[in-house]
Protein chains: 2
Amino acid sequence: MQSRKNGSARKIMTKIILKNVKLKEKPVDILIEGALISRIVPTGSDPVLSSARTDVSAAQEVMDCTGKVAVPGFINMHTHAAMTLMRGVSEDQKLEDWLNTIWGLEDKIDSNFVHCGSKIACLEMMKTGTTTYNDQYWYPLASHQAGLEMGLRPVVSYVILDRFDSNEAARQKDQCQMMYEGSLRWPERSVFAVSAHAVYTVSEEMFLWTSEFVRKRGLKLHIHLSESRAEVENCKAAHGGLTPTEYLDSLGILDENVIAAHTLHLTDHDVEILGNRHVNCVHNVNSNLKLASGYRFKYRELMDAGANVCIGTDGCASSNNLDMLEAMKTSALLQKAWREDPTAMPLNELLDCATKNGAKALGLNAGSIKEGYLADLMIVDTDNTYFLSPGPFLANFLYSAHSDTIHSLICNGKFLIKNHKYPEEEEILANAREAMKILSK
Amino acid sequence: MQSRKNGSARKIMTKIILKNVKLKEKPVDILIEGALISRIVPTGSDPVLSSARTDVSAAQEVMDCTGKVAVPGFINMHTHAAMTLMRGVSEDQKLEDWLNTIWGLEDKIDSNFVHCGSKIACLEMMKTGTTTYNDQYWYPLASHQAGLEMGLRPVVSYVILDRFDSNEAARQKDQCQMMYEGSLRWPERSVFAVSAHAVYTVSEEMFLWTSEFVRKRGLKLHIHLSESRAEVENCKAAHGGLTPTEYLDSLGILDENVIAAHTLHLTDHDVEILGNRHVNCVHNVNSNLKLASGYRFKYRELMDAGANVCIGTDGCASSNNLDMLEAMKTSALLQKAWREDPTAMPLNELLDCATKNGAKALGLNAGSIKEGYLADLMIVDTDNTYFLSPGPFLANFLYSAHSDTIHSLICNGKFLIKNHKYPEEEEILANAREAMKILSK
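Definitions and cut-offs
Each chain has its residues counted from 1, following the order in which its sequence is written. The lettering of chains begins at A and the numbering of ligands begins at 1, in the order of writing. Totals for whole chains, interfaces and linings use every residue, but because this is a predicted model, local features are given only for residues with pLDDT of at least 70 and side-chain atom pairs only at 80 or more, for both listing and counting. By convention in this description, side-chain values take in all heavy atoms of the structure and omit both hydrogens and water. The criterion used for residue contact is that any of the two residues' heavy atoms lie within 4.5 Å. In short, buried area is how much 1.4 Å probe accessible area vanishes from two parts on joining, totalled over both. In the sections that follow, a salt bridge refers to a side-chain nitrogen of Lys or Arg positioned within 4 Å of a carboxyl oxygen of Asp or Glu. Contacts described as polar in this section are N or O atom pairs within 3.5 Å, which, within protein, must combine one atom able to donate a hydrogen with one able to accept it, while residues neighboring in sequence count only if both atoms come from side chains. For helices the rule is a DSSP run of H or I covering at least 4 residues; for strands it is a run of E covering at least 2, with both sets numbered from the N terminus onward. All residues other than Ala, Val, Leu, Ile, Met, Phe, Trp, Tyr, Cys, Pro, Asp, Glu, Lys and Arg, Gly among them, are scored as polar; the first ten of these are nonpolar and the last four charged. Each residue's exposure class comes from its accessible area (1.4 Å probe, protein chains only) as a fraction of the maximum for that residue type: buried when under 20%, exposed when over 50%, partly exposed otherwise. Criterion used throughout: strands pair if DSSP finds at least two bridges between them. The definition of a right-handed crossover adopted here requires that, viewed with the strands pointing away, the path from the first strand over the helix to the second runs clockwise. For this overlay, a least-squares fit was computed on C-alpha atoms, restricted to residues scoring pLDDT of at least 70 in both copies. Between rings of Phe, Tyr and Trp, where Trp is taken as its six-membered ring, a pair exists when centres lie within 6.5 Å; planes separated by under 30 degrees are stacked, by over 60 edge-to-face, and by other angles tilted. Remark: a charge is flagged as sitting over a ring if the NZ atom of Lys or the CZ atom of Arg is within 6 Å of the ring centre and within 35 degrees of the ring normal. By convention a nonpolar core is built from buried Ala, Val, Leu, Ile, Met, Phe, Trp, Tyr and Cys residues, the set being connected through side-chain atoms within 4.5 Å. Lines fitted to C-alpha atoms define the axes here, with helix axes fitted over just the stretch in contact, and angles between the N-to-C directions of these axes take values from 0 to 180 degrees.

1. Considering the interface of chain B and chain A
How big an interface is tends to be reported as the loss of accessible area on association of its parts.
So, step 1. Across the boundary between the two partners, chain B contributes 62 residues, which contact 62 residues of chain A.
So, step 2. Where chain B abuts chain A, roughly 5,200 Å² becomes buried across the two surfaces, and 58% of that area is made up of carbon and sulfur atoms.
So, step 3. Linking chain B to chain A there are 10 salt bridges.
So, step 4. A salt bridge links Asp341 of chain B to Lys94 of chain A; the shortest N-O distance between them is 3.4 Å.
So, step 5. At the junction of chain B with chain A, the criterion picks out 33 residue pairs in polar contact (both at pLDDT 80 or more).
So, step 6. Counting only elements with at least two residues in the side of chain B that touches chain A, the list comes to helix 4 (111–127), helix 11 (285–290), helix 13 (324–339), helix 16 (393–400) and helix 17 (425–436) of chain B.
So, step 7. Per-element tally for the side of chain B that touches chain A: the top contributor is helix 13 of chain B, with seven residues.
So, step 8. In the side of chain B that touches chain A, the residues fall into 27 nonpolar, 17 polar and 18 charged.

In structure tokens, the structure reads:
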């Protein structure tokens with residue numbers, strides 16, 4: 001695991017120069033120093049950048065990006081990364097059958113499974129343009145280590161899920177505190193957060209404890225909220241007619257540090273609350289569709305009310321892949337369809353949901369390609385059929401192209417994918433194959 | 001253009017041997033002779049196939065397919081191929097604005113535009129696993145030539161669209177007859193059909209004429225049907241309360257040789273008619289979503305009633321790409337979501353809609369990998385993250401993977417894509433770029 005010590009021991013600051021790359025339709029040269037974008041100039045206007053050649057001894061890499069476009073790295077705001085090793089295990093099934101299959105498998109997994117599963121998830125995310133992911137899963141230390149090893153920017157939670165059992169609650173408080181203390185020695189690249197799973201799995205006492213815990217420490221709180229109609233109905237029955245949003249608001253938990261996954265079945269009052277509290281609401285469109293949870297996500301209403309809408313994929317056991325491009329396209333198309341309005345969720349806002357809004361939710365200076373921002377970005381190759389049209393780049397990238405047009409990916413100022421290649425792919429695949437065997441034991 | 005004469009002059013029958021390829025989870029060796037699959041045996045059980053080595057003089061190609069899976073080529077049942085050069089030109093717009101933009105551009109195009117645009121469309125289709133496409137566009141001879149040159153199996157229509165003008169109708173009858181006569185000299189690989197555009201663009205007289213024309217000659221009839229709510233309402237106003245389906249049925253036009261694109265806004269009575277007449281109904285999910293036409297496609301009702309449901313992408317100006325994998329996934333997910341039933345449109349039926357059902361609609365012995373069937377198939381590489389799970393191949397392929405896992409494509413017994421490469425890609429891109437300039441004149 002990379003540590004602060006290793007980080008500070010590195011005397012020479014690495015440099016990347018991206019020459020002649022298009023940024024918002026204009027050709028620029030970009031200088032990346034350490035983890036940050038330090039300079040963006042019109043192509044050729046800075047003689048030092050223009051004349052730069054790769055010089056390994058100076059820890060400098062130069063890429064000629066002619067014909068390519070720079071796009072901020074995607075921020076996948078809701079994942080269960082290790083479940084990548086469970087995809088396809090329960091297809092075309094009712095929710096209860098699906099859950100039974102998943103829970104049966106989760107009884108078998110270990111930290112090696114989570115480590116290898118998270119690494120393969122990271123590989124998939126890197127190849128599909130994601131630089132930051134907000135994860136929630138068992139064995140979070142293994143998942144954190146995987147994200148670090150892969151070079152991505154992981155947001156890893158300790159998961160509070162007490163099932164209304166006070167002994168379990170006490171144990172989880174201890175563990176959460178321990179993991180938090182450990183996280184003080186994490187490198188800057190990774191973010192520690194806390195999850196309180198959902199209103200149907202977490203007691204009131206633990207919601208209150210968790211909220212106080214994260215507020216005192218300036219952490220983010222990751223919750224599943226109003227994913228299914230059943231969740232809403234059961235909550236109303238248990239809490240005097242309050243919806244999950246109303247219930248959590250009555251506990252005083254909701255604020256701009258809460259990341260609420262799904263937020264699908266919302267009343268007008270729920271939307272008002274989520275807006276007033278500036279909650280970060282994560283749309284997981286493919287998962288919601290596939291599990292038949294619903295499709296009328298209130299994007300416009302939430303944004304207008306003051307909430308911050310982000311996009312996520314959910315885990316691969318429900319949505320089947322971690323491809324943010326696919327999630328973005330389906331999100332936009334669904335908004336247009338159920339509202340019967342082709343102007344709903346236009347392209348610029350769609351990109352913001354997958355980049356800027358996620359950065360805002362996590363408090364990162366990422367999600368945009370600007371001087372002083374984290375160097376988390378992808379280089380898209382436009383020399384192919386998907387970009388061959390008079391349409392704008394963003395239309396072609398988000399509606400037409402696939403992730404195989406992503407030529408390179410930089411996270412935290414380092415190339416993770418270069419010319420479509422990740423050097424250790426075979427090894428990661430082999431380890432994942434081995435780890436997966438535990439499921440059939 | 002390839003002609004029957006060239007076809008018959010070829011004395012040596014080409015052979016392809018696919019060794020150790022998985023077919024429905026079992027390893028087999030496949031022998032392809034000429035355009036047909038002639039032999040499928042368990043891997044290693046036929047010594048001639050097992051010991052085969054590539055020998056160019058014998059016009060024989062052998063591919064070791066270990067770790068790969070054979071899947072029937074997709075049949076895209078509704079395209080406007082040349083519109084690939086117009087994608088992205090009108091994004092996030094209301095239908096009327098979208099149509100104005102498209103019509104403005106269509107005034108400018110010529111046969112070279114259609115030829116180059118159709119070739120780039122074919123390239124995209126090949127790379128995404130499609131072997132047959134049912135096209136409807138202007139300059140159909142140029143579009144046909146493009147499909148032939150690219151090696152795919154094109155279904156090309158003459159387009160009847162008289163706008164209720166009797167002079168135009170007379171001209172179109174003549175042209176249709178001429179194109180039909182020319183098609184008698186087309187090679188077996190391509191299919192001539194006739195389109196009658198839609199109830200709002202074609203007169204009653206021309207519907208009747210076209211129907212008689214295709215029936216006498218055993219041709220297929222391709223129609224847009226009930227794509228939007230406005231189409232239905234306008235038809236009811238114009239035809240004494242009859243829906244588009246009822247109206248066409250009242251003319252006696254609907255039968256199993258009709259390919260009806262969209263069939264989205266249907267009454268129960270419409271479904272009954274389309275079922276009783278065994279009409280082929282093409283679901284164009286992404287186009288319907290993006291133009292906000294609707295999403296409640298009655299898949300189960302149509303199939304149960306006796307209709308044959310197929311899948312299409314529509315043209316790239318509305319749906320933005322020609323990727324059948326994407327169309328299949330969105331189709332299935334939407335069925336699950338709006339029906340609130342995760343068991344809706346299961347995987348096997350989903351694949352059938354994109355393969356067998358299309359072949360049935362077109363009367364082709366394709367859509368399945370079986371002895372005696374046309375050798376139209378793809379080879380999928382499973383040595384990657386998308387197939388690394390205990391789930392079945394079909395779940396991983398249709399819900400998780402992208403088209404970049406398609407390693408090779410064979411159409412009519414010839415490799416079109418081999419190891420992800422199409423040899424003339426650069427030239428096709430360059431010609432398309434040149435042809436596209438006509439749009440900005």
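2. Points about the pairing of strand 12 (residues 280–283) of chain A
Residue and element names in this part refer to chain A.
So, step 1. What you see with strand 12 is no split at all: Asn280 and Val282 on one side and Cys281 and His283 on the other are buried throughout.
So, step 2. Relative to strand 12, strand 11 (residues 258–262) is paired through three bridges, and the arrangement is parallel. Across the sheet, the residue bridging to Ala260 is Cys281, located in strand 12.
So, step 3. Regarding the hand of the β-α-β motif, the stretch spanning strand 11, helix 10 (residues 268–276) and strand 12 is right-handed.
So, step 4. As paired strands, strand 12 and strand 13 (residues 308–311) are joined by four bridges and run parallel to one another. Note on strand 13: the bridge partner recorded for Val282 is Cys310.

3. A closer look at the relation of the copies chain B and chain A
So, step 1. Of the transformation superimposing chain B on chain A, the axial component is 0.0 Å and the angular component is 180°, with the fit at an RMSD of 0.0 Å. The relationship between the two copies is best expressed as a two-fold rotation axis. The position closest to the rotation axis in chain B is occupied by the C-alpha of Asp404 of chain B, lying 3.4 Å away.
So, step 2. In this assembly, 100% of the residues forming the interface of chain B have copies in chain A that are likewise at the interface, indicating an isologous arrangement.

4. Some details on the side chain of Asn288 of chain A
So, step 1. Among the secondary structure elements, Asn288 of chain A is positioned in helix 11 (residues 285–290).
So, step 2. In contact with Asn288 of chain A, other than residues within four places in its own chain, are Glu227, His262, Leu264, His283, Ser293 and Gly294 of chain A.

5. Looking at the packing of aromatic side chains
So, step 1. The final tally for this structure, using the stated rule, is 19 aromatic pairs over all chains.
So, step 2. One aromatic cluster is present, formed by Tyr180, Trp186, Phe192, Trp209 and Phe213 of chain A through successive ring pairs.
So, step 3. Between the NZ or CZ atom of Arg217 of chain A and the centre of the ring of Phe213 of chain A, over which it lies, the distance is 3.8 Å.
So, step 4. When the ring centre of Trp103 of chain B is taken as reference, the NZ or CZ atom of Arg163 of chain B above it lies at 5.9 Å.

6. Regarding the nonpolar core
So, step 1. Ranked by internal contacts, the top residues of the largest apolar core, which has 227 residues, are Phe397 of chain A together with Phe397 of chain B.
So, step 2. For Phe397 of chain B, the residues in contact, after removing those within four places along its chain, are Val71, Phe74, Leu325, Met378, Val380, Phe387, Thr405 and Ile406 of chain B.

7. Concerning the sheet that holds strand 9 (residues 191–196) of chain A
All names here are of chain A.
So, step 1. Ordered in space as 6-7-8-9-10-11-12-13, the eight strands form an open sheet in which the pairing is parallel. The open sheet has two free edges, formed respectively by strand 6 (74–79) and strand 13, since each of these has just one partner strand. Taken over all neighbouring pairs, the strand axes of this sheet differ in orientation by 25° on average, direction set aside.
So, step 2. Taken together, the four bridges between strand 6 and strand 7 (residues 130–135) define a ladder with parallel strand orientation. Directly across from Thr79, in strand 7, lies its bridge partner Asp135.

8. Some words on unusual backbone geometry
So, step 1. A positive phi is found at His278 of chain A, a non-glycine position, where the angle reads about 55°.
So, step 2. Among the structural elements, His278 of chain A can be located in the loop between helix 10 and strand 12.
So, step 3. Phi at Glu340 of chain B takes a positive value of approximately 55°, unusual for a residue other than glycine.
So, step 4. With respect to the helices and strands, the residue Glu340 of chain B is situated in the loop between helix 13 and helix 14 (347–354).
So, step 5. With a relative accessible area of 46%, Glu340 of chain B lands in the partly exposed category.

9. Thoughts on the sheet that holds strand 6 (residues 74–79) of chain B
Residues and elements named next belong to chain B.
So, step 1. Strand order across the open sheet formed by eight strands is 6-7-8-9-10-11-12-13, with parallel pairing between neighbours. Every other strand in the sheet has two partners, leaving strand 6 and strand 13 (308–311) as the edge strands with one partner each. The mean inter-strand angle of the sheet, taken between neighbouring strand axes irrespective of direction, is 25°.
So, step 2. Bridge analysis of strand 9 (residues 191–196) against strand 10 (residues 221–225) gives two bridges, and the strand direction is parallel.

10. Notes on the pairing of strand 1 (residues 15–23) of chain B
Residues and elements named next belong to chain B.
So, step 1. With seven bridges joining them, strand 1 and strand 2 (residues 26–33) adopt antiparallel strand pairing. If you follow Ile16 over to strand 2, its bridge partner there is Ile32.
So, step 2. With antiparallel pairing between neighbouring strands as the criterion, strand 1 and strand 2 make up a hairpin whose turn holds two residues, including Lys24 at a positive phi of roughly 50°.
So, step 3. Both strand 1 and strand 4 (residues 60–64) contribute to a ladder of five bridges, which runs parallel.

11. Quick notes on helix 5 (residues 140–150) of chain B
All names here are of chain B.
So, step 1. Among the 11 residues in helix 5, eight count as buried, and that is most of the element.
So, step 2. Among the residues making up helix 5, those that are buried are Pro140, Ala142, Ser143, His144, Ala146, Gly147, Leu148 and Met150.
So, step 3. The secondary structure elements touched by the buried residues of helix 5 are helix 4, strand 7 (130–135), strand 8 (153–160), helix 6 (166–183), strand 16 (414–417) and helix 17.

12. As for the pattern of salt bridges
Residues and elements named next belong to chain B.
So, step 1. If you walk through the whole model with that rule in mind, you get 44 salt bridges over all chains.
So, step 2. Here Lys127 ties to Glu425 by a salt bridge, and the two come within 2.8 Å at their closest N and O atoms. Taken together, the positions of Lys127 in helix 4 and Glu425 in helix 17 put the pair 298 residues apart, joining distant regions of the chain.
So, step 3. Under the relative-accessibility criterion, Lys127 is labelled partly exposed at 26%.
So, step 4. Take Glu425: its relative accessible area is 17%, and that puts it in the buried class.

As far as function goes, none of this settles anything; it's purely spatial.
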